[in-house]
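# A look at the structure
Read off the chains here:
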Amino acid sequence: MARTIEIEENISVGTLAEKLSIPVTRLIGQLMKNGIIATFNERVDFDTATIMVEDMGLEDVTLVKALEKNSIEESITKKKVANLTGPNRPPVVAVMGHVDHGKTSLLDAIRKSSVAKSEAGGITQHISAYQVEHNKRLITFLDTPGHEAFAAIRAHGAELTDLVIIVVAADDGVKPQTIEAIRFANQAGSKMIIAINKIDKEDADVNKVKQQLAEKNILVEGWGGDITVAEVSAKSGKGIDNLLDIVLLTADLEELKAPIDIPAEGLIIESHLERGRGPVAHALVTEGVLNSNNVVVAGSTYAKIRSLTSPSGTPIKTAGPSTPVVITGFKELPQFGDSFKVVKDEKTARIIAHDAVLENKSGFAQNNLNSSELISIINRSNSLQELPILIKADVQGSLASVIDSLRTLETDEVAFKIISTGIGSINGSDVHIAHTANGIIYGFNVELPSEIRRLASRDKVPIKIYKIIYELIDDAKIMLSELLIPEIVEKEVGLLEVKGVFISGKSEIIAGGEVLKGKLTVPSLARIIRGKDVISEATITNLKRGPQDTKEVFEGEMCGLNIETKNKIQIEIGDKISFLTRETIQRKL
């Protein structure tokens, strides 16, 4: 029976043998016959793999190249096609909006919890997912951070969803992050609902919000468009049932479906380390049915599922499309944004995960630069001042957001040298690495055990812990600014015209003149000007008004002065002497 096997442009020998269902030793032997010495983990290209298949007489096998990773547009198309097959599934709804517009409070009202009160600074700092029931139907909600530093997480949330609720405060109106959230929703091909929150406040103005949206070419119903608006109050609960009705009606119009008779796939939306449980991944199943005894691969790691629970911690046996789950059992932390899929066994999972590691290394090595780019990098590195930092965060999404935000602060002059990153509490190894690199440890939402604090104090390693991301960024910006070369600001405070030269020796000149403007003081820096040219810098060491020494001389007065020059020039009558002050100012980013 003929087989068509899809492989990557570059594939490891072990993975190719697995796909061909032959012993890896047979494939290695065939490669050696062709003069190619390769081990289990070595990679071969598509052409070589094709030749090996022919040489081994596998006439029933046809190799084809795997398609490149989908673009955003292709992903949207795939999502729409997937929605046409299989049984109905719950809608996945992302809730986005400007910080402080009541996004998380609205979700609290929907699920009757109190998350917003526990969030540091009153803002969401992680992406989270959970399900609620309305009219005997399930709705999956994603809560995404509102602060600008979490743009990547918001984009990630939008791409996961069928529908995006944009929360706008009735008393504050449309803000930059409101527009950004709408852009994310449009890019992801998701339907939108505008939820105008805080309608019960005295200064609420719903029509003003609609007008502001129209000015941004976002047209809602009644204003020439088809975007539905729901007026709500997270505080009182007014309008929330109507909002959920709109969500379900929109889902019905979209005819959301997903296949369930295939191996489960989904996306990692968050991951962190937990004491006693190890790597913990929050994920969303997108198709198929995930079982509690499955083996899954996510990026370069895998898991024989040890526990499968709902976000609230309730153990579950299975999870279908649009269901948020918590998975334990991963060998390492999966990365924020990794897709996961069910595979037949741990051996297959191990090979796929290892292949992903090699692919990442290969992709990095093949990132070739042309000569001009290389010269530019070398020149930049020669003048670049770097601040060594080590970053620890509570979850992968936050770690990625911190790193992305810090990178935006860098310039051609100063940058962060990230010496290490990780998830979980700060430990002794972190302190040792930072001490060796003379660096700073930044912790975001992580613990600092007392014994580690004492160790850092002994080794003089600065550790800074933050619970609010913009406070961390502000501090790092100050620290990075200190590496900038200070700016020297000069100011002319007085000008004298030379009327006579009395002594012109090797080390000192004594001259007299008239103060044309300003005030002269000693000691003072000065420049000797002849015509339009500066012929020397000088130091004025003494001033005389008549026979008496003086500390200052004013405009219109005559004086004598002792001048020390750097290049032993001869001062002439008619030269000008500009008296200067110099101030060193620390620049800021």
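Note that the coordinates shown come from a computational prediction; the quantities given were computed from them, not determined experimentally.

Analysis parameters
- Residues numbered from 1 in each chain as written.
- Predicted model: local features only at pLDDT ≥ 70, side-chain atom pairs only at ≥ 80, totals over all residues.
- Heavy atoms only, no water.
- Helix = DSSP H or I, 4+ residues; strand = E, 2+ residues; numbered from the N terminus.
- Buried < 20%, exposed > 50% of the residue type's maximum accessible area, 1.4 Å probe, protein only.
- Contact = heavy atoms within 4.5 Å.
- Areas by Shrake-Rupley, 256 points an atom, 1.4 Å probe, with all protein chains shown as cover.
- Patch = residues over 30% accessible without salt bridge, like charges linked within 9 Å, V, L, I, M, F, W, Y side chains within 5 Å.
- Salt bridge = Lys/Arg side-chain N within 4 Å of Asp/Glu carboxyl O.
- Lys, Arg positive; Asp, Glu negative; His and termini not counted.
- Charge placed at Lys NZ, Arg CZ, Asp CG, Glu CD.
- Core = buried A, V, L, I, M, F, W, Y, C linked by side-chain atoms within 4.5 Å.
- Pairing = 2+ DSSP bridges.
- Axes fitted to C-alpha atoms, helices over the stretch in contact; angles between N-to-C directions.
- Polar contact = N/O pair within 3.5 Å; in protein donor to acceptor, adjacent residues only side chain to side chain.
- Arc of directions from axis to C-beta.
- pLDDT = per-residue confidence, 0-100.
- Parallel < 35°, antiparallel > 145°, perpendicular 65-115°, else oblique.
- Left-handed = near helix turned anticlockwise from the far one by under 90°.
- Nonpolar A, V, L, I, M, F, W, Y, C, P; charged D, E, K, R; others polar.

### Remarks on the overall build of the protein chain
Secondary structure summary: the protein chain contains 16 helices and 30 strands in total. For the protein chain, with 589 residues in total, the buried portion stands at 47%. Taking all contacts inside the protein chain whose residues are at least 6 apart in sequence as the whole, residues at least 24 apart take part in 70%. Roughly 29,900 Å² of accessible area belongs to the protein chain as shown, and the carbon and sulfur atoms make up 50% of that amount.

### Some words on a positive patch on the surface
Positive charge collects at one region of the surface, where R306, K331, K344, K347 and R350 lie side by side. Relative to the assigned elements, K331 resides in the loop between β17 (324–330) and β18 (339–343).

### Section: the nonpolar core
Ranked by internal contacts, the top residues of the largest apolar core, which has 26 residues, are V164, I166, M192, I194, I196 and L213. In this view, I166 contacts M96, T178, A181, I182, M192, I193, I194 and A195; residues no more than four positions away in its chain are not counted.

### A word on the pattern of salt bridges
Applying the stated criterion across every chain yields a total of 21 salt bridges. Linking R277 and E274 is a salt bridge whose minimum nitrogen-to-oxygen distance equals 3.0 Å. R277 sits in the partly exposed class, given a relative accessible area of 29%. Assessed through its relative accessible area of 29%, E274 is described here as partly exposed. We note a salt bridge from D475 to K464, for which the minimum N-O separation is 3.2 Å.

### What about unusual backbone geometry?
For residues besides glycine, phi is generally negative; the peptide bonds are generally trans as well. Across the junction of V522 and P523, the peptide omega takes the value -10°, indicating a cis bond. Within the secondary structure, P523 is located in the loop between β24 (509–521) and β25 (524–530). A positive phi is found at N135, a non-glycine position, where the angle reads about 55°. Along the chain, the position of N135 falls in the loop between β6 (128–134) and β7 (137–143).

### Notes on the sheet that holds β18
One closed barrel accounts for six strands, arranged β11-β12-β17-β15-β14-β18; its pairing is antiparallel. Within this sheet the neighbouring strands show an average axis-to-axis angle of 45°, counted without direction. With three bridges connecting them, strand β11 (residues 265–274) and β18 associate as antiparallel partners. From the neighbouring strand, G266 faces β18, where its bridge partner is F340.

### Focus on the side chain of T323
Mapping T323 onto the fold places it in the loop between β16 (318–319) and β17. T323 sits in the buried class, given a relative accessible area of 15%. Of the polar contacts made by the side chain of T323, one reaches the backbone oxygen of G320; its length is 2.9 Å. Once you skip the residues sitting within four places of it in the chain, T323 turns out to touch Q131, A283, L284 and V285.

### Overview of helix α2 (residues 24–33)
Of the residues making up α2, those classed as buried are L27, I28, Q30 and L31. Axial view of α2: buried residues confined to an arc of 160°, hence all on one face. Across α2 from its buried face, at more than 90 degrees, point the exposed residues T25 and K33. The inward-facing, buried residues of α2 contact α1 (13–20), β3 (43–45) and α3 (46–55). Of the residues trailing α2, G35 is marked for its positive phi of about 80°.

### Points about the confidence of the model for the protein chain
Averaged over all residues, the pLDDT of the protein chain is 82; the fraction at 70 or higher stands at 85%. Mean pLDDT in the protein chain bottoms out at helix α6 (residues 115–118), which sits at 42, and peaks at strand β13 (residues 290–291), which reaches 96. Every residue in residues 114–125 scores below 50 in pLDDT, and together they form 34 contacts with partners more than four places removed in sequence or on other chains.

### Concerning the environment of R545
Inspection of the secondary structure puts R545 in strand β26 (residues 533–545). Its relative accessible area of 35% is what places R545 among the partly exposed residues. C-alpha separation for the pair R545 and E557, spaced 12 residues apart in sequence, amounts to 8.4 Å. Ignoring sequence-local partners within four residues, the contact set of R545 consists of T550, E552, V553, F554, E557 and M558.

### Focus on the packing of α1 against α2
Close contact between α1 and α2 brings their axes to 9 Å; oriented N to C, the two are set at 120°. Between α1 and α2, the interaxial angle falls into the category oblique. Here α1 runs over α2; the crossing is right-handed. The residues of α2 that touch α1, namely those facing V13, G14, L16 and A17, are V24, L27, I28 and L31. The class makeup of the residues in the contact of α1 with α2 is seven nonpolar, one polar and no charged.

### Here we look at the sheet that holds strand β19 (residues 385–393)
Hydrogen bonding along the main chain pairs the strands of a sheet, whether they run parallel or antiparallel. Within the open sheet, the four strands sit side by side as β20-β19-β21-β22. Their pairing is parallel. If you trace the sheet from one side to the other, it starts and ends with β20 (414–423) and β22 (463–466), each paired once. Across the sheet, the axes of successive neighbouring strands diverge by a mean angle of 25°, strand direction being ignored. One ladder, built from five bridges, connects β19 with strand β21 (residues 440–444); its direction is parallel. Following the sheet pairing, I391 is matched in β21 by Y442.

### Here we look at the pairing of strand β30 (residues 576–585)
Strand direction decides the pairing type here: strand β23 (residues 487–504) and β30, joined by 10 bridges, are antiparallel. In the strand pairing of β30, E490 is matched with R582.

### Comments concerning the environment of D241
With respect to the helices and strands, the residue D241 is situated in helix α10 (residues 240–254). Using a relative accessible area of 52% as the deciding quantity, one classes D241 as exposed. Remark: the alpha-carbon pair of D241 and H134, spanning 107 residues in sequence, is separated by 8.3 Å.

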